[in-house]
Amino acid sequence: MAPPQGKAGERGGPEGMAKPEKHWSREVHAVLRKADVRQMAYVPDGGLARLIDLCLADRQIRSVLLTTEEEGVAQMAGAWLGGQRGVFLTQSGGVGNCINMLSMMQECRIPLLAMVSMRGQWGEAFPWQVPMGQATAAALEAGKAIVQPVDRADDIAETVEAA
(Lines give C-alpha, C1' and ligand atoms only; values in the text may rest on other atoms or scores of the structure.)
Protein backbone atom coordinates (compact mmCIF):
# COMPACT_ATOMS: atom_id res chain seq x y z
CA MET A 1 0.00 0.00 0.00
CA ALA A 2 1.42 3.39 -0.96
CA PRO A 3 1.89 6.12 1.65
CA PRO A 4 -0.76 8.83 1.67
CA GLN A 5 -0.18 11.49 -0.96
CA GLY A 6 -0.26 15.14 -0.03
CA LYS A 7 -0.13 18.56 -1.66
CA ALA A 8 3.11 20.52 -1.73
CA GLY A 9 3.93 21.68 1.77
CA GLU A 10 1.42 19.31 3.37
CA ARG A 11 3.04 17.09 6.02
CA GLY A 12 6.27 18.99 5.49
CA GLY A 13 7.32 17.25 2.26
CA PRO A 14 7.32 18.03 -1.44
CA GLU A 15 4.36 17.11 -3.60
CA GLY A 16 3.53 13.44 -3.30
CA MET A 17 5.96 12.84 -0.42
CA ALA A 18 4.62 12.25 3.06
CA LYS A 19 6.84 13.33 5.95
CA PRO A 20 8.09 10.25 7.86
CA GLU A 21 6.05 9.64 10.97
CA LYS A 22 7.84 10.55 14.21
CA HIS A 23 8.20 7.45 16.32
CA TRP A 24 10.53 6.66 19.21
CA SER A 25 12.00 3.73 17.26
CA ARG A 26 13.75 6.08 14.79
CA GLU A 27 15.48 7.93 17.62
CA VAL A 28 16.49 4.69 19.34
CA HIS A 29 17.84 3.27 16.08
CA ALA A 30 19.97 6.42 15.69
CA VAL A 31 21.25 5.98 19.26
CA LEU A 32 22.16 2.35 18.53
CA ARG A 33 24.03 3.37 15.39
CA LYS A 34 25.87 6.13 17.26
CA ALA A 35 26.90 3.57 19.91
CA ASP A 36 28.20 1.26 17.14
CA VAL A 37 25.75 -1.54 17.99
CA ARG A 38 26.48 -4.30 15.47
CA GLN A 39 24.14 -7.09 16.58
CA MET A 40 20.46 -7.27 17.41
CA ALA A 41 18.83 -10.41 18.79
CA TYR A 42 15.06 -10.50 18.94
CA VAL A 43 11.89 -12.46 19.41
CA PRO A 44 9.08 -10.94 17.29
CA ASP A 45 7.10 -8.45 19.33
CA GLY A 46 4.43 -5.92 18.41
CA GLY A 47 5.68 -3.26 20.82
CA LEU A 48 9.19 -3.37 19.39
CA ALA A 49 8.19 -4.12 15.77
CA ARG A 50 9.19 -0.76 14.29
CA LEU A 51 12.62 -0.87 15.92
CA ILE A 52 13.07 -4.47 14.80
CA ASP A 53 12.17 -3.47 11.23
CA LEU A 54 14.68 -0.60 11.28
CA CYS A 55 17.44 -2.92 12.49
CA LEU A 56 16.52 -5.57 9.92
CA ALA A 57 16.84 -2.97 7.16
CA ASP A 58 20.19 -1.71 8.48
CA ARG A 59 23.12 -3.42 6.74
CA GLN A 60 25.45 -2.42 9.61
CA ILE A 61 23.46 -4.40 12.20
CA ARG A 62 23.38 -8.19 12.11
CA SER A 63 19.87 -9.20 13.16
CA VAL A 64 19.15 -12.66 14.51
CA LEU A 65 15.66 -14.08 14.97
CA LEU A 66 15.63 -16.19 18.13
CA THR A 67 13.64 -19.32 18.90
CA THR A 68 13.68 -18.55 22.62
CA GLU A 69 14.61 -15.48 24.64
CA GLU A 70 17.56 -16.91 26.57
CA GLU A 71 19.38 -17.35 23.26
CA GLY A 72 19.41 -13.55 23.02
CA VAL A 73 21.30 -13.22 26.29
CA ALA A 74 23.83 -15.80 25.08
CA GLN A 75 24.21 -14.01 21.75
CA MET A 76 24.86 -10.71 23.49
CA ALA A 77 27.54 -12.40 25.62
CA GLY A 78 29.17 -13.73 22.46
CA ALA A 79 28.97 -10.34 20.78
CA TRP A 80 30.72 -8.70 23.74
CA LEU A 81 33.40 -11.39 23.93
CA GLY A 82 33.96 -10.95 20.19
CA GLY A 83 34.42 -7.20 20.54
CA GLN A 84 30.99 -6.04 19.36
CA ARG A 85 28.08 -4.29 20.97
CA GLY A 86 24.57 -5.63 20.72
CA VAL A 87 21.00 -5.11 21.81
CA PHE A 88 18.50 -7.76 22.88
CA LEU A 89 14.83 -7.03 22.14
CA THR A 90 12.07 -8.98 23.90
CA GLN A 91 8.78 -8.59 25.71
CA SER A 92 8.22 -8.97 29.42
CA GLY A 93 6.78 -12.48 29.05
CA GLY A 94 10.16 -13.68 27.79
CA VAL A 95 12.15 -12.32 30.72
CA GLY A 96 11.24 -15.35 32.82
CA ASN A 97 12.99 -17.55 30.26
CA CYS A 98 16.23 -15.58 30.74
CA ILE A 99 16.77 -15.72 34.51
CA ASN A 100 19.57 -18.31 34.53
CA MET A 101 21.34 -16.65 31.61
CA LEU A 102 21.18 -13.26 33.32
CA SER A 103 23.12 -14.69 36.24
CA MET A 104 25.94 -15.60 33.82
CA MET A 105 26.07 -12.02 32.55
CA GLN A 106 26.30 -10.74 36.11
CA GLU A 107 28.93 -13.23 37.23
CA CYS A 108 31.09 -12.70 34.13
CA ARG A 109 30.61 -8.91 34.24
CA ILE A 110 29.34 -8.79 30.67
CA PRO A 111 27.19 -5.74 29.91
CA LEU A 112 23.73 -6.38 28.49
CA LEU A 113 21.52 -3.82 26.80
CA ALA A 114 18.04 -5.28 26.69
CA MET A 115 14.89 -3.48 25.66
CA VAL A 116 11.81 -5.11 27.14
CA SER A 117 8.34 -4.15 25.97
CA MET A 118 5.88 -4.49 28.80
CA ARG A 119 2.82 -6.70 28.76
CA GLY A 120 0.48 -7.63 31.58
CA GLN A 121 -0.13 -4.12 32.79
CA TRP A 122 -3.35 -2.14 33.17
CA GLY A 123 -5.70 -2.90 30.30
CA GLU A 124 -3.89 -6.05 29.10
CA ALA A 125 -6.16 -7.98 26.72
CA PHE A 126 -4.54 -11.37 27.36
CA PRO A 127 -4.72 -12.52 30.99
CA TRP A 128 -1.81 -14.96 30.61
CA GLN A 129 0.50 -11.95 30.14
CA VAL A 130 -0.34 -10.51 33.56
CA PRO A 131 1.73 -12.72 35.94
CA MET A 132 5.11 -12.22 34.23
CA GLY A 133 4.27 -8.65 33.28
CA GLN A 134 3.78 -7.85 36.94
CA ALA A 135 6.96 -9.72 37.97
CA THR A 136 9.33 -8.55 35.24
CA ALA A 137 11.11 -5.70 37.06
CA ALA A 138 11.47 -7.75 40.26
CA ALA A 139 12.84 -10.74 38.31
CA LEU A 140 15.41 -8.58 36.53
CA GLU A 141 16.42 -6.86 39.74
CA ALA A 142 16.78 -10.23 41.51
CA GLY A 143 19.30 -11.10 38.79
CA LYS A 144 21.15 -7.86 39.61
CA ALA A 145 20.12 -6.16 36.36
CA ILE A 146 19.79 -2.41 36.38
CA VAL A 147 16.19 -1.63 35.41
CA GLN A 148 15.27 1.75 33.96
CA PRO A 149 11.50 1.80 33.36
CA VAL A 150 10.27 4.28 30.78
CA ASP A 151 6.64 5.36 30.75
CA ARG A 152 6.78 8.05 28.05
CA ALA A 153 7.76 7.43 24.43
CA ASP A 154 9.66 10.73 24.38
CA ASP A 155 12.04 9.38 27.07
CA ILE A 156 12.98 6.08 25.42
CA ALA A 157 15.91 7.23 23.25
CA GLU A 158 17.45 9.24 26.08
CA THR A 159 17.22 6.25 28.42
CA VAL A 160 18.80 3.91 25.85
CA GLU A 161 21.59 6.41 25.23
CA ALA A 162 22.30 6.65 28.96
CA ALA A 163 22.56 2.85 29.19
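Here, the structure is the one placed above.
Residues numbered from 1 in each chain as written. Predicted model: local features only at pLDDT ≥ 70, side-chain atom pairs only at ≥ 80, totals over all residues. Heavy atoms only, no water.

### Some words on the nonpolar core
Thought 1: Residues Val28, Leu32, Met40, Leu51, Leu89 and Met115 are the most contacted members of the largest nonpolar core, which totals 18 residues.
Thought 2: The greatest single-element share of this core, amounting to 4 residues, is contributed by helix H1 (residues 24-34).
Thought 3: With 14 residues, the next largest nonpolar core counts Val43, Val64, Leu66 and Leu140 among its residues. (Core = buried A, V, L, I, M, F, W, Y, C linked by side-chain atoms within 4.5 Å. Buried < 20%, exposed > 50% of the residue type's maximum accessible area, 1.4 Å probe, protein only. Helix = DSSP H or I, 4+ residues; strand = E, 2+ residues; numbered from the N terminus.)

### A look at the sheet that holds strand S2 (residues 62-65)
Thought 1: One open sheet holds the 4 strands; their spatial order is S2-S1-S3-S4, and the pairing between them is parallel. Where the open sheet ends on each side, the last strands, each with one partner, are S2 and strand S4 (114-117). Strand after strand, the sheet turns through a mean of 15° between neighbouring axes, direction not considered.
Thought 2: In this structure, strand S1 (residues 37-42) lies alongside S2, joined through 4 bridges in parallel fashion. Residue pairing across strands places Gln39 opposite Arg62, the latter belonging to S2.
Thought 3: Along the sheet, helix H2 (residues 49-57) makes contact with S1, S2, strand S3 (85-91) and S4, crossing S1 at roughly 130°. (Pairing = 2+ DSSP bridges. Axes fitted to C-alpha atoms, helices over the stretch in contact; angles between N-to-C directions. Contact = heavy atoms within 4.5 Å.)

### Quick word on H2
Thought 1: Along H2, the residues that are buried comprise Leu51, Ile52 and Cys55. All buried residues of H2 lie within an arc of 100° about the axis, which places them on one face of the element.
Thought 2: Of the surrounding secondary structure, the elements contacted by the buried residues of H2 are H1, S1, S2, S3 and S4. (Arc of directions from axis to C-beta.)

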